[in-house]
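Below are the chains, spelled out letter by letter.
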Amino acid sequence: MIDNLFLSVGAMKAGTTWLYEQLKDHPDIYFTPEKEIHYFANKVGIEKQLNHRNRIIKLKQVMEAHAKGNPTYLSAHLNEITWYANYAHPKEISNVWYESLFAQNKDKLFCADFSNLYCQMGPEGWENVRKVAKKVKVIYTLRDPFERLWSHYKFHMKWVNREDEALEAGFDHFKELLDKPFFWINAEYAENYQRLKDNLNESELMLLYFEDFRADPVKMLDEVQGFLGIELIEPVQQSLEKKVNKTKSFAIPEEWEAYMREKLKGGAQAMRDAGVWHDDWQEL
C-alpha cells in the first residue's frame, strides 16, 4: 500500500494546475510524470480514458518525444520512459498497477495524484482509495462559479482545437455543452463537497479558494503545506505569478451571460447552505 496519498480533486479551472506548479518540486511530494492519472474515477466508470490503447498511445508519444534513437537522449530520460512503459504495459488496470506507478518514489512523504474527477466519486470510489492508501489527504479547490464556468467553456474549446471559434460556435452550441452532465457536474460545488464530506473525515479534507490564492498566494501555500504536514518551502515569486492553462480573452455575449447566471442561480443557495460560498464571489 501507499503510506500517504495526496489527492487534489478539483474543481476544474479553479487553480489546481497552478497549485501543482507550486508543489511539483517540493522535497516531500512525489508526482508521477502523468500529473492526472484519474485511476479511481476510471474504476467506478466516471471516465474510461485508461483503456489499454490510450495508455499505449501515451507511451508512443513519450518515445517519440524522448527516444529519437539517440542513446544520450534515451539515457537522460530513462526514468520517464520506464514509468510510461509500466503505465502502458498491463491490459487491465488494477490497484496493484496504480501502486506500481509510484515505485520510483524512494523517500518522499507523499505520493500525489491530481484529478478533477475524484470529487464526483461516491462511496465505492473512496473505498477503493482506502484499499490503496494507508492515509489520504484531499484538497478541493473552488472558484467564483460564474468566472469558473466561463473559463471552463473556453478551455474546453481550446482542448478540442476550436479556441478561436469559442464565440463563432454560437449560442446553441454553448448552451448544449453547458447542459451536458459531464460538463455541468463541475459546477455542482455543494453536491461534490457533500460527497467528499460523506467519505472523508475532517482531518483528511481541505477546502481552498482560487480567490484566496490570488489575494495571498504565500499564505495559502503555507496553509496547504501545514495541512499536509510537510516542510514549509518558500515559493519562488516568479512561479507564484505564472499563469497556467491560460485561455484567450473573449467578452461574454449578453445572451450567453444571462443563460449562465440563470443556470447557476439554482445552486447558489445550496452552496451557501453547504458552507462553500466565498464572500468575494459575485451574486448570481
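Attention in this report is confined to the structure presented alongside it. The shown structure was predicted, so the numbers you read here are calculated from the model rather than taken from an experiment. (Residues numbered from 1 in each chain as written. Predicted model: local features only at pLDDT ≥ 70, side-chain atom pairs only at ≥ 80, totals over all residues. Heavy atoms only, no water.)

In the contact formed by helix H8 (residues 145-159) and helix H9 (residues 171-179), the axes pass within 11 Å of each other and the chain directions differ by 105 degrees. Classified by the angle between their axes, H8 and H9 sit roughly perpendicular to one another. Only His173, Phe174, Leu177 and Leu178 of H9 make contact with H8, whose side of the interface consists of Leu149, Trp150, Tyr153, His156 and Met157. (Axes fitted to C-alpha atoms, helices over the stretch in contact; angles between N-to-C directions. Helix = DSSP H or I, 4+ residues; strand = E, 2+ residues; numbered from the N terminus. Parallel < 35°, antiparallel > 145°, perpendicular 65-115°, else oblique. Contact = heavy atoms within 4.5 Å.)

Attention now goes to the sheet that holds strand E4 (residues 133-142). Read across the sheet, 5 strands follow the order E2-E3-E1-E4-E5 without closing on themselves; strand pairing throughout is parallel. Two strands lie at the open edges of the sheet, namely strand E2 (29-31) and strand E5 (205-209), each paired on one side alone. Looking at each pair of strands side by side, their axes are set apart by 25 degrees on average, direction ignored. Summarising the sheet, E4 and E5 pair through 5 bridges and their orientation is parallel. Paired with tyrosine 140 across the bridge in E5 is leucine 207. Along the sheet, helix H11 (residues 189-199) makes contact with E4 and E5, crossing E4 at roughly 165 degrees. (Pairing = 2+ DSSP bridges.)

Right, let's talk about unusual backbone geometry for a bit. The omega torsion across glycine 10 and alanine 11 is 0 degrees, close enough to zero to call that bond cis. Along the chain, alanine 11 turns up in the loop between strand E1 (2-8) and helix H1 (16-23). Positioned with a positive phi, lysine 13 is a non-glycine residue whose angle comes to about 60 degrees. Tracing the sequence through the fold places lysine 13 in the loop between E1 and H1. Owing to a relative accessible area of 14%, lysine 13 belongs among the buried residues under this scheme. In this model, asparagine 161 sits at a positive phi of 60 degrees, which is unusual for a non-glycine residue. Within the secondary structure, asparagine 161 sits in the loop between H8 and H9. Under the relative-accessibility criterion, asparagine 161 is labelled exposed at 71%. (Buried < 20%, exposed > 50% of the residue type's maximum accessible area, 1.4 Å probe, protein only.)

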